[in-house]
2 protein chains.
Amino acid sequence: MKCILIICDGMGDRPSPNYPRTPLEVADTPALDQLAANGAVGILDIIAPGIRPGSDTAHLALFGYDPYIYYKGRGPFEAIGANIPVNPGEVTFRANFATIDSKNVIVDRRAGRVIPHADQFAELLDNLTLPNFPDVKITFVHTIEHRCVLKIQDANLSHEVSDMDPDITGVEVNPCYALSDNPAAKRTAAILNEFFDQSKQILQKSPLNQERAQKNLLLVNSVLSRGAGIVPELEPLTLKYKINAACIAGAPLYKGVAQLVGMSIVDVPEATGTVETNTLAKGRAALQSLVQNDLIFIHIKGTDSASHDGNFPQKVMMLEKIDAMVRLLIDTVDLNETLIAITADHANPVSVQDHTADPVPLAIIGKGILTDEITTFSERACARGGLGRLRGVNLMPILMDLMNKSKKFGA
Amino acid sequence: MKCILIICDGMGDRPSPNYPRTPLEVADTPALDQLAANGAVGILDIIAPGIRPGSDTAHLALFGYDPYIYYKGRGPFEAIGANIPVNPGEVTFRANFATIDSKNVIVDRRAGRVIPHADQFAELLDNLTLPNFPDVKITFVHTIEHRCVLKIQDANLSHEVSDMDPDITGVEVNPCYALSDNPAAKRTAAILNEFFDQSKQILQKSPLNQERAQKNLLLVNSVLSRGAGIVPELEPLTLKYKINAACIAGAPLYKGVAQLVGMSIVDVPEATGTVETNTLAKGRAALQSLVQNDLIFIHIKGTDSASHDGNFPQKVMMLEKIDAMVRLLIDTVDLNETLIAITADHANPVSVQDHTADPVPLAIIGKGILTDEITTFSERACARGGLGRLRGVNLMPILMDLMNKSKKFGA
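Note that residues are indexed from 1 along each chain, following the sequence as it is written. Whichever chain is written first becomes A and whichever ligand is written first becomes 1, with later ones labelled in order. It should be noted that, the model being predicted, local features are given only for residues of pLDDT at least 70 and side-chain atom pairs only at 80 or more, the latter also being counted only at that level, while totals for whole chains, interfaces and linings use all residues. Think of the side-chain values as coming from all heavy atoms in the structure, minus any hydrogens and water.

1. A few points about the overall build of chain A
Here's step 1: Helix numbers and strand numbers start at the N terminus; a helix is a DSSP run of H or I with at least 4 residues, a strand a run of E with at least 2. When helices and strands are tallied, chain A shows 15 helices and 14 strands.
Here's step 2: For a compact globule the rule gives 2.2 Å times the number of residues to the power 0.38, and the radius of gyration it is set against comes from C-alpha atoms. In terms of overall dimensions, chain A is globule-like: its C-alpha atoms have a radius of gyration of 22 Å, near the 22 Å expected for 411 residues.
Here's step 3: Dimensions of chain A, computed from C-alpha atoms along their principal axes, come out at roughly 65 × 55 × 35 Å.
Here's step 4: Taken over 411 residues, chain A has a buried fraction of 59%.
Here's step 5: Considering only intrachain contacts with a sequence separation of at least 6, the fraction spanning at least 24 residues in chain A is 74%.
Here's step 6: Here chain A displays about 16200 Å² of accessible surface, and carbon together with sulfur accounts for 49% of that area.
Here's step 7: When charges are tallied, Lys and Arg are placed among the positive residues and Asp and Glu among the negative ones, while His and the ends of the chain are skipped. The atoms used to mark charge sites are NZ of Lys, CZ of Arg, CG of Asp and CD of Glu. Taken together, the 38 basic and 47 acidic charged side chains of chain A have centroids lying 1 Å from each other. Relative accessibility thresholds used throughout: buried, under 20% of the residue-type maximum; exposed, over 50%; partly exposed, between the two (1.4 Å probe, protein chains only). Residue contacts are defined here by distance: any two heavy atoms, one from each residue, within 4.5 Å place the two residues in contact. For every accessible area listed, the method is Shrake-Rupley and the probe measures 1.4 Å; residues are considered covered only by the protein chains on display.

In structure tokens form, the structure reads like this:
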């Protein structure tokens, strides 16, 4: 038995005065409804009831790892997803090139977002030596647009430090401070603050910035770090369940979490991680990858993006694109040999434009499933389903049990 | 988004041979049914399935604090609720003035309940110095009727000691003993036993008791302690969620828990904490308090009192009084701006006359709620609701998420 697990980012939604029916209730999704009608449905509290999940903690939970135990910050997931290896002993940060004024007040958190020579700017900071911390090894790599990964490596570091990026413009850059009494956290914060000062001086002196000034472009004159993290020590699910697993995703974070739990990455050029993504290309890639894998994880980001933008029609359109992919999958696979499961990593109501803690709908179809009487796939319909109300961390064990990949607990 | 949370003490019930329908199923409650019809319903295991909650542990759970972690005994809640401050390092007890005979056998656990000079009796014991524990500071304060609060303060104390009050008459007063191997618990028990002996001698010598003997009144000649507790260290929910919250309750315990979690107390003279309470006065106070607060907690005690008395018609009457208050609330507030949630702190079936572990009904109405098809508010109807079966400790995070007051876990 194999399994295709589809996680639609931010799919769960709420009614609102403008839209009394949710995008799932409005969208025309005959394939999703077929999953519900011929399968079993339920709802998932991704972390726990009332707890708002981040995308990182949510995916750890959905892959079966309690994020309260295994989550050690976002940085490493982003790095791994961008093909930057992360090792134990390194503290990894997400970092933005930004524009600040002479008083460290943020003019643009993204230095204009499109930065033609971003790689060259990053090279100026890679392998930087800090005068007060000469033994600390610094790695600084550009990924896309204004985004970079900062890694620091040394014997005595901690990821329990604050974000320097205040997440808004017009205010001063936050100094980095320790989030615990751990002396290593205080030391790491001091390193970050020195890196900020040093990198500012180096960037400001760069001829690349003189060029930008001449062209009237925003200066790339600082680095804002956030999401400090260390790579969690976890048994990959591929080892835990002795399976081969593959990930089909557009955005780096999801590839990062997937790699950490042992999945291989299937590159689908048309999987963009945006609302433009080609869901059918993802579906075809999943069907091909199913030959050599037991578990295929398909991640769809567009539903979340539409919600963050408060764009109800776009979310409906994305759901209908997902439905087309599900149609391809259920019409192609033998449901006696392959399970299909679909859920979300968290709700992101269009009316809220951010992650909320509402439980999300789940449907599982395939051999052995105890079907229920629910025939539509939506937040409300699934709440009445035969699977009841479960936790995110329950999903992977349930799928592995249905696939007959689980070890018995006891004898 | 704001919230009014109504907790009806002991509201949950069971069918019995005499009453095959529960009080909620019998009572005429159109407003509660409207909550159910236009909102979402479910059931709550206040602590965990099958675990009988006390009122103190139940309220901790409903305010979002796992009582297995945070509950450290009842004494401090009663004291705080009676406006007696409780500090870290103090062990606090509920205490009764009682009448015992020369062999320490209990004649009346309440020394007649109505004790005209109770304050003066209490003054005799306040600041008492114990010969064998001269450094222990004793505070003894009368509250109402036969009830007092005993606090002991010293460097080396524990709340893990037994009740001296055996809760029945005709038996000897229990000696206090340690409930753990902790040496501090043994020491605290020894202090309590010495306090019992010393207070007995002092009370017996009092001219106030000579007066009572002349009037043929029961002597106030001993103090029965119970409910040893220390004040738990918890982050108030007002800080945790950055909200203002207020409590409208009649009985001291509930005010005590509410204050501990950061709520201000709204005094409503007609809120008596009995079946005589004026629920409409409480509702009006809630509406007024809503202007300056994000969360209003209304506690109604009468449902529990009626159950403890085994009085089915009185419980039905109380539910109809609650319904009148809910009518006032839903007809006054803008449900796009204010959530209303109603539940119980535990079941107290009239046929049992004590707390039971049955899950209790829950309804939530307001913007963003995924309504279900349930249209009546009762134990059985709510068991089929869209919220499913949750734990008491889940409620506050769910409400805070709906109010958009939650922090994200992860990024």
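On we go from here.
2. Comments concerning the nonpolar core
Here's step 1: By convention a nonpolar core is built from buried Ala, Val, Leu, Ile, Met, Phe, Trp, Tyr and Cys residues, the set being connected through side-chain atoms within 4.5 Å. Judged by nonpolar contacts, the single largest core of 99 residues is most densely connected at Ile6, Phe63, Leu295, Ile342 and Ile364 of chain B.
Here's step 2: By size, the runner-up hydrophobic cluster in this structure holds 98 residues, among which are Ala40, Leu60, Phe312 and Cys382 of chain A.

3. Structural notes on the sheet that holds strand S11 (residues 338-343) of chain B
Residue and element names in this part refer to chain B.
Here's step 1: Pairing between strands is defined by DSSP: at least two bridges between them are needed. Spatially, S9-S8-S10-S1-S11-S12-S2-S13 is the arrangement adopted by the eight strands of the open sheet, whose pairing is mixed. With partners counted over all chains shown, the strands left at the sheet margins are strand S9 (264-265) and strand S13 (388-391), one partner each.
Here's step 2: The sheet contact formed by strand S1 (residues 2-8) and S11 spans six bridges and is parallel. Looking at the pairing, Cys3 lines up with Leu339 of S11.
Here's step 3: Only the stretch in contact is used when a helix axis is fitted, and all axes are lines through C-alpha atoms; the angle between N-to-C directions ranges over 0 to 180 degrees. The strands that helix H11 (residues 279-289) touches are strand S8 (245-248) and strand S10 (295-300); relative to S10, the one it contacts most, it runs at about 170°.

4. Some remarks on the interface of chain A and chain B
Here's step 1: Each partner contributes residues to the interface: chain A has 31 residues there, and chain B has 21 residues.
Here's step 2: Each of two parts loses accessible area, computed with a 1.4 Å probe, when they are put together; buried area is these two losses added. The junction of chain A with chain B conceals about 2100 Å² of combined surface from both sides, 57% of it contributed by carbon and sulfur atoms.
Here's step 3: Contact with chain B buries area across many residues of chain A, yet Arg14, Arg52 and Arg389 of chain A alone supply 28% of it, more than any other trio.
Here's step 4: Salt bridges are defined by distance alone: a side-chain nitrogen of Lys or Arg within 4 Å of a carboxyl oxygen of Asp or Glu. Between chain A and chain B we count three salt bridges in total.

5. Examining the packing of helix H11 (residues 279-289) of chain A against helix H13 (residues 312-332) of chain A
All names here are of chain A.
Here's step 1: At a minimum axis separation of 8 Å, H11 and H13 run at an interaxial angle of 25°. Between H11 and H13, the angle falls in the class roughly parallel. Note that H11 runs across H13; the crossing there is right-handed. From H11, Thr279, Leu280, Lys282, Gly283, Arg284, Ala286 and Leu287 reach across to H13, where they touch Lys321, Ile322, Ala324, Met325, Leu328, Leu329 and Thr332. Reported orientations rely on four angle classes, namely roughly parallel under 35 degrees, roughly antiparallel over 145, roughly perpendicular from 65 to 115, and oblique for the rest. For any pair of crossing helices, the crossing counts as left-handed if the nearer helix is rotated counterclockwise from the farther one by less than a right angle, and right-handed if it is rotated clockwise.

6. Considering a nonpolar patch on the surface
Here's step 1: A cluster of nonpolar side chains, Ile51, Tyr68 and Ile69 of chain B, forms an exposed patch at the surface whose accessible area comes to about 320 Å².
Here's step 2: The residue Ile69 of chain B is located in helix H4 (residues 67-70) in this model. Residues form patches when they are more than 30% accessible in relative terms and have no salt bridge. Like charges link within 9 Å. Nonpolar side chains (Val, Leu, Ile, Met, Phe, Trp, Tyr) link within 5 Å.

7. Concerning the pattern of salt bridges
Here's step 1: For the coordinates displayed, the defined rule picks out 39 salt bridges over all chains.
Here's step 2: Asp45 of chain A serves as the salt-bridge partner of Arg389 of chain A, at 2.7 Å between the closest nitrogen and oxygen. One end of the pair, Arg389 of chain A, is in strand S14 (residues 388-391); the other, Asp45 of chain A, is in strand S2 (residues 40-45), and 344 residues separate them in sequence.
Here's step 3: Classification of Arg389 of chain A as partly exposed rests on a relative accessible area of 21%.
Here's step 4: Arg52 of chain B is the salt-bridge partner of Asp354 of chain B, the closest N and O atoms lying 3.1 Å from each other. In this pair, Asp354 of chain B is assigned in the loop between S11 and strand S12 (360-365) and Arg52 of chain B in the loop between strand S2 (40-45) and helix H3 (55-62), connecting sequence segments 302 residues apart.
Here's step 5: Its relative accessible area of 51% is what places Arg52 of chain B among the exposed residues.
Here's step 6: Because the salt bridges share partners, they merge into one network encompassing Arg109, Asp165, Asp167 and Arg226 of chain A.

8. Concerning the relation of the copies chain A and chain B
Here's step 1: We superpose the copies by least squares over the C-alpha atoms of residues that have a pLDDT of at least 70 in both of them. If you rotate chain A by 120° and push it 0.1 Å along the axis, it lands on chain B with an RMSD of 0.2 Å. The transformation relating the two chain copies, once decomposed into turn and shift, fits a three-fold axis.

9. A short note on the sheet that holds strand S10 (residues 264-265) of chain A
All names here are of chain A.
Here's step 1: Read from one edge of the open sheet, eight strands run S10-S9-S11-S1-S12-S13-S2-S14, paired in mixed fashion. Only two strands of the sheet have a single partner each, and these edge strands are S10 and S14.
Here's step 2: As defined by bridge partners, strand S9 (residues 245-248) adjoins strand S11 (residues 295-300) across four bridges and the pair is classed as parallel. Looking at the pairing, Ala245 lines up with Leu295 of S11.
Here's step 3: Packing against the sheet, helix H15 (residues 392-402) makes contact with strand S1 (2-8), S2, S11, strand S12 (338-343), strand S13 (360-365) and S14, and its axis sits at approximately 100° to S14.

10. Things to note about the environment of Met400 of chain A
Residue and element names in this part refer to chain A.
Here's step 1: Mapping Met400 onto the fold places it in helix H15.
Here's step 2: Overall, Met400 belongs to the buried group, its relative accessible area being 0%.
Here's step 3: Spatially, the C-alpha atoms of Met400 and Ser199 are 48 Å apart, while their sequence positions differ by 201 residues.
Here's step 4: Discounting residues that sit within four places of it in the chain, Met400 has contacts with Tyr241, Ile243, Leu295, Lys405 and Ser406.

11. Here we look at the environment of Phe77 of chain A
Residue and element names in this part refer to chain A.
Here's step 1: With respect to the helices and strands, Phe77 occurs in helix H5 (residues 75-81).
Here's step 2: A residue is classified by how much of its surface remains accessible, and Phe77, at 0% relative accessible area, is buried.
Here's step 3: Considering only alpha carbons, one finds Phe77 and Phe312, 235 residues apart in sequence, at a separation of 29 Å.
Here's step 4: Beyond its immediate stretch of four places on either side in the chain, Phe77 contacts Asp56, Leu60, Tyr71, Pro232, Pro252, Leu253, Gly256, Val257 and Leu260.

12. Focus on the confidence of the model for chain A
Here's step 1: With 100% of its residues at a pLDDT of 70 or more, chain A shows a mean pLDDT of 95.
Here's step 2: Interface confidence in the predicted complex, given as ipTM, is 0.89; pTM for the same model is 0.91. Across the chain, each position has a pLDDT score giving the predictor's confidence in that residue, from 0 to 100.

13. Observations concerning the pairing of S11 of chain A
Residue and element names in this part refer to chain A.
Here's step 1: In terms of burial, S11 is a largely internal element, six of the six residues being buried.
Here's step 2: Taking every second residue as pointing to the same face, both faces of S11 are buried, with Leu295, Phe297 and His299 on one and Ile296, Ile298 and Ile300 on the other.
Here's step 3: In the sheet, S1 pairs with S11 via six bridges, with the strands oriented parallel. Within S11, the position partnered with Ile4 by the bridge is Ile296.

14. Re helix H10 (residues 252-260) of chain B
All names here are of chain B.
Here's step 1: In terms of residue burial, H10 counts as a mostly covered element, since seven of its nine residues are buried.
Here's step 2: Taken residue by residue, H10 has Leu253, Tyr254, Lys255, Gly256, Val257, Ala258 and Leu260 as its buried positions.
Here's step 3: The elements touched by buried residues of H10 are H3, helix H5 (75-81), S8, S9 and S10.
Here's step 4: Remark: Gly262 follows H10 within two positions and exhibits a positive phi of approximately 100°.

15. Regarding H13 of chain A
Residues and elements named next belong to chain A.
Here's step 1: Expected helix span is taken as 1.5 Å per residue step, with the number of steps being one fewer than the number of residues. With 21 residues, H13 ought to run about 30 Å at 1.5 Å a step, and its terminal C-alpha atoms sit 30 Å apart, in line with that.
Here's step 2: Every buried residue belonging to H13 is among Phe312, Gln314, Lys315, Val316, Met318, Leu319, Ile322, Asp323, Met325, Val326, Leu329 and Ile330, and all of these are buried.
Here's step 3: Polar contact is defined as a pair of N or O atoms within 3.5 Å, subject to the rule that within protein one atom must be able to donate a hydrogen and the other to accept it, and that residues adjacent in sequence are counted only when both atoms are side-chain atoms. Two or three places before Gln314, at the start of H13, stands the capping residue Asn311, its side-chain oxygen 3.0 Å from that residue's backbone nitrogen.

16. Section: the layout of surface pockets
All names here are of chain B.
Here's step 1: Of the voids in this model, the second largest pocket is the one considered here, and its volume is about 1400 Å³.
Here's step 2: Grid points spaced at 1 Å and placed over the protein atoms alone form the basis of the search, with a cavity being a set where a 1.4 Å probe fits but cannot get out and a pocket an open set showing protein on both sides within 12 Å along at least five of seven lines. Lining residues have an atom within 4 Å of a point. For the second largest pocket, the lining is made up of 42 residues, of which Arg74, Glu78, Arg94, Arg147 and Arg226 are closest to its centre.
Here's step 3: Mapped onto the lining of the second largest pocket, the elements with two or more residues apiece are H3, strand S3 (90-100), strand S6 (147-153), strand S7 (222-229), H10 and helix H12 (302-308).
Here's step 4: The residue makeup of the lining of the second largest pocket, split by class, is 11 nonpolar, 13 polar and 18 charged. Grid points are joined across faces, edges and corners, and a volume is the space filled by probe spheres set on the points. Here the nonpolar group is Ala, Val, Leu, Ile, Met, Phe, Trp, Tyr, Cys and Pro; Asp, Glu, Lys and Arg are the charged ones; every other residue, Gly included, is treated as polar.

17. Describing the packing of aromatic side chains
Here's step 1: Aromatic rings from Phe, Tyr and Trp, taking only the six-membered ring of Trp, are treated as a pair when their centres fall within 6.5 Å; an angle between ring planes under 30 degrees marks them as stacked, one over 60 as edge-to-face, and anything in between as tilted. The full count for this structure, using the stated rule, is 16 aromatic pairs over all chains.
Here's step 2: Where Phe63 of chain B meets Phe297 of chain B, the ring centres are 5.0 Å apart and the plane angle is 80°; that geometry is what we call edge-to-face. Of the two residues, Phe63 of chain B sits in the loop between H3 and H4 while Phe297 of chain B sits in strand S10, which places them 234 residues apart along the sequence. Assigned by exposure class, Phe63 of chain B and Phe297 of chain B land together as buried.
Here's step 3: One aromatic cluster is present, formed by Tyr68, Tyr71 and Phe77 of chain A together with Phe409 of chain B through successive ring pairs.
Here's step 4: Think of it as a cone above the ring: NZ of Lys or CZ of Arg counts as a charge over the ring if it is within 6 Å of the ring centre and within 35 degrees of the ring normal. It is Lys240 of chain B that lies over the ring of Tyr65 of chain B; its NZ or CZ is 4.8 Å from the centre.

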